[in-house]
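As a plain string of letters, each chain reads:
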Amino acid sequence: MNFKGYDQANTLTVRLRAFFFKRYKMSRCPRCKCKNPENYNFCSQCGQKNEETKVASSCTYHLVVMGSGGVGKSAITIRFVNRQFEAKYDPTIEDRYQKVIEREGVPCVLEILDTAGQETFSAMRELYMKNGEGFVLVFSITSKRSLDDLDPIRSGIVRHKATDEVPIVLVGNKCDMTKKREVDQKDAKEVAKSFKCPFIESSAKADVNINEIFNSLIDQIWQKHGPPISSSDRRKGSRSENCAIL
Ligand code: GDP
Ligand code: MG
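Keep in mind it's a predicted model, so treat the numbers as computed, not measured.

Caption draft 1: Region of interest: the site of ligand 1. Close to ligand 1 lie 21 residues, the nearest being G72, K73, S74, A75 and K205. With 3 residues, the single largest contributor to the shell around ligand 1 is helix α2 (residues 73–82).

Spelled out as structure tokens, the structure:
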């Protein structure tokens, strides 16, 4: 009997088994069991950190959600990150969230800062404006005043960035509350035009246009800085300033 050949075959079987077992484990999220592509740092469904991942490429973007209190900043963020609607109003809390999404085949880590909305011209707000790469400016379609409140916020961002080409999305939230509408789409579009940004009407409650808000920001960031290179290009040795190769 050829023991050497037997050993080799046996080792090969063990290796193959280990390989497929590892692949199975890596391709499933340990928390929610969804199919989690192996090059992700985090599960795109539940945010579980993928400890198995050794080689990962991702682009991290810092996004800030701003606007008056009660317009639905937290509801939009929570709907986007956790796919849930928060019915109770908690006005004081400022929170940070992280979500991995895939845009045109590129995994993007979104670090989202959901602001409290009461930090008028404070040092805190200045810090958000300085560090943010994309801004979601939210008003409620049921409050004309909440739209007016966004004007000084947008001016502050432009001043801090020293350019008016900042990735911004103007969001008219609570579009499910049609009977209480105070802001016409036409007026909001005019404001968006003056802000040089797109306008999206959303409802965190009815889950309308929530992904579109964040996709639009990523598209604008890519338009500004250039899209990140794909992993195949990276293997060929290209580099991109926008991409962190982990
Ligand atoms: P924030 O202060 O801007 O973070 O506002 P919240 O997200 O806490 O929302 C304030 C209130 O509005 C809460 O009671 C939410 O349930 C409610 N709300 C948020 N988004 C919507 C929406 O799209 N439609 C409706 N009908 N209510 C919403
Ligand atoms: Mg809030």
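Caption draft 2: Local environment of the packing of α2 against helix α7 (residues 210–225). At their nearest, the axes of α2 and α7 sit 9 Å apart, and the two run at 90° to each other. One way to sum up the angle between α2 and α7 is to call them roughly perpendicular. Across the interface between the two elements, I76, R79 and F80 from α2 touch I210, N211, I213 and F214 from α7. Per-class residue counts for the contact of α2 with α7 are 5 nonpolar, 1 polar and 1 charged.

Caption draft 3: Region of interest: the pairing of strand β4 (residues 134–140). Of all 7 residues making up β4, 7 are buried, and the element is well covered by its neighbours. Side chains of β4 alternate between two faces, with G134, V136, V138 and S140 and F135, L137 and F139 buried alike. Of the pairings in the sheet, the one linking β4 to strand β5 (residues 168–173) comprises 6 bridges and is parallel in character. Note on β5: the bridge partner recorded for S140 is N173.

Caption draft 4: How the structure looks around the environment of V208. Position of V208 relative to the elements: it lies in the loop between β6 (199–201) and α7. By C-beta crowding, V208 is classed as partly exposed, having 15 other C-beta atoms within 10 Å. Remark: the alpha-carbon pair of V208 and D176, spanning 32 residues in sequence, is separated by 8.7 Å. For V208, the residues in contact, after removing those within four places along its chain, are C175, S202 and S203.

Caption draft 5: Layout of the environment of T178. Tracing the backbone through its elements, the reader meets T178 in the loop between β5 and α6 (185–195). A C-alpha to C-alpha distance of 8.2 Å links T178 and T142, two positions 36 residues apart in sequence.

Caption draft 6: α2, seen in detail. Burial of α2 is extensive: 7 of the 10 residues sit out of reach of the surface. Residues K73, S74, A75, I76, T77, R79 and F80 constitute the buried set of α2. R83 lies just past α2 and shows a positive phi near 55°.

What counts and how
- Residues numbered from 1 in each chain as written.
- Chains lettered and ligands numbered in written order.
- Predicted model: local features only at pLDDT ≥ 70, side-chain atom pairs only at ≥ 80, totals over all residues.
- Near = placed C-beta within 6 Å.
- Helix = DSSP H or I, 4+ residues; strand = E, 2+ residues; numbered from the N terminus.
- Axes fitted to C-alpha atoms, helices over the stretch in contact; angles between N-to-C directions.
- Parallel < 35°, antiparallel > 145°, perpendicular 65-115°, else oblique.
- Contact = placed C-beta atoms within 7 Å.
- Nonpolar A, V, L, I, M, F, W, Y, C, P; charged D, E, K, R; others polar.
- Buried ≥ 20, exposed ≤ 12 C-beta atoms within 10 Å, placed from the backbone.
- Pairing = 2+ DSSP bridges.

Geometric values such as these leave the question of function open.
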